[in-house]
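A look at the structure
Spelled out, the chains give:
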Amino acid sequence: MDKRFIKPAVFLIILSMFYSCVSFEKGYKHMETKSSSVNSEGLLIKAKQLEVNASSASDIQNIIDAYKEVEKAEPENYYALWKIGNYSLLICAAHCEKKKDKKRYYREAIRYCEKAMFTNAEYKKEILSGAKIIEAAKKLGIDEVDAMGYWYTARFYYFKECLSPIGRAFNTKIVFQNNDMIALIDAIDPNWAGGGNYFSRALYYIAVPERFGGDKQKALDEFNKAVEVGPDYYVNRWGRAKYLYSITGNDEGFVSDLQWVIQQDPAKGKNPHAWNVYFQKDAAKMLEK
């Protein structure tokens, strides 16, 4: 290469690395400190009722808004905080097309799950003393497992849907940190969310290059475990078809899993109703293709 072009090329590479590295704003910095005089219990009941038959984007947004009303009344209501994170994740995965919208909602999902974890006094103490999230999360237990699980789930979605190939190359730390959180949940509840950890470990084996431990057969084993421990969680068969069979060429398994998802009653699955509707609609789209 002509020496005249070496320095500009190096500069562009460094600049690309800088702009490709992702950082997430710390969730606890957005914690409210003042409770209102409004009874949060009534607001919580209302939010839960909205979940029962929710299916559309507006339904999901209404759920998020309802839980944010709970947050206003009781800023450290753990349940409301992780629910906001969970439904922010759903509305983005199911209804956002533009990358800027996906980034906004996935970041909000991550932020709210962090806020939920921050309601644990020991975790809070660790974070405020400068500990990283994974280190501080060692103080968490079964009461915070949903916040932990949807925290890493939202990050997986962000990694896959919001980053370019070069962005993913410079942000593999997201995948490895997620795997650390999965390990912490394994010690608390290995069958969390009907196989959520097995599901996510499968994604890990798919996302990571083979030289760093990626393995499609191990991914299949993990998906199969998820289906075994959570047979009524539609997400498991949907995910096995979408993320594994679609790239390994198992057409029979792909069609079988998606047809099974479509044939189920969204009101009877273990995942929330709006999530089940999403899995079914997405399964139908994949079969059409």
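Residues numbered from 1 in each chain as written. Predicted model: local features only at pLDDT ≥ 70, side-chain atom pairs only at ≥ 80, totals over all residues. Heavy atoms only, no water.

Comments concerning the packing of aromatic side chains
As a reminder of what qualifies: Aromatic rings from Phe, Tyr and Trp, with only the six-membered ring used for Trp, were paired whenever their centres fell within 6.5 Å, and each pair was classed as stacked if the ring planes differed by under 30 degrees, edge-to-face if by over 60, and tilted otherwise. Secondary structure is summarised from DSSP: a helix means a run of H or I of at least four residues, a strand means a run of E of at least two, and numbering begins at the N terminus for each. Partly exposed residues are those whose accessible area sits between 20% and 50% of the maximum for their type, while under 20% is buried and over 50% is exposed, using a 1.4 Å probe and protein chains only. Any Lys NZ or Arg CZ found within 6 Å of a ring centre and within 35 degrees of that ring's normal is scored as a charge over the ring.
Throughout the structure, instances matching the rule amount to 18 aromatic pairs. Between the aromatic rings of phenylalanine 176 and tyrosine 204, the centroid separation amounts to 6.2 Å while the plane-to-plane angle is 75°, which identifies the pairing as edge-to-face. In this pair, phenylalanine 176 is assigned in helix 10 (residues 172–188) and tyrosine 204 in helix 11 (residues 192–207), connecting sequence segments 28 residues apart. Centre to centre, the rings of tyrosine 278 and phenylalanine 279 are 5.6 Å apart; their planes meet at 45°, and the pair counts as tilted. Summarising the burial analysis for this pair, tyrosine 278 and phenylalanine 279 share the class buried. Directly above the aromatic system of tyrosine 79 lies the positively charged group of lysine 48, at a separation of 4.8 Å from the ring centroid. Against the face of tyrosine 112 rests lysine 115, its NZ or CZ located 4.1 Å from the ring centre.

Overview of helix 14 (residues 251–263)
Applicable threshold: Multiplying 1.5 Å by the residue count of a helix minus one yields the expected span of that helix. What the arc describes is the spread of directions from the helix axis to the C-beta atoms. Any pair of residues with heavy atoms lying within 4.5 Å of one another is described as a contacting pair.
Here helix 14 spans 18 Å end to end across 13 residues, near enough to the 18 Å set by a 1.5 Å rise per residue. When we look at burial in helix 14, the residues that qualify are Gly253, Phe254, Asp257, Leu258 and Val261. Viewed end-on, helix 14 has its buried residues packed into an arc of 120°, placing them on one side of the element. In helix 14, the exposed positions angled more than 90 degrees off the buried face are occupied by Asp251, Glu252 and Gln263. Considering only its buried residues, helix 14 is in contact with helix 13 (234–248) and helix 15 (273–288).

Topic: helix 8 (residues 145–162)
Helix length check: helix 8, at 18 residues, gives a terminal C-alpha distance of 25 Å against a target of 26 Å (1.5 Å per residue), a fit within 8%. Burial within helix 8 is extensive, with 15 of its 18 residues counted as buried.

Side note on the state of the cysteines
Spelled out, the test is: Pairs of cysteine sulfur atoms within 2.5 Å are identified as disulfides in what follows.
Tallied over the full model, the rule gives zero disulfides. The closest cysteine sulfur to the non-disulfide-bonded cysteine 162 is located on cysteine 92, 6.0 Å from its own sulfur.

In short, geometric facts, not functional conclusions.
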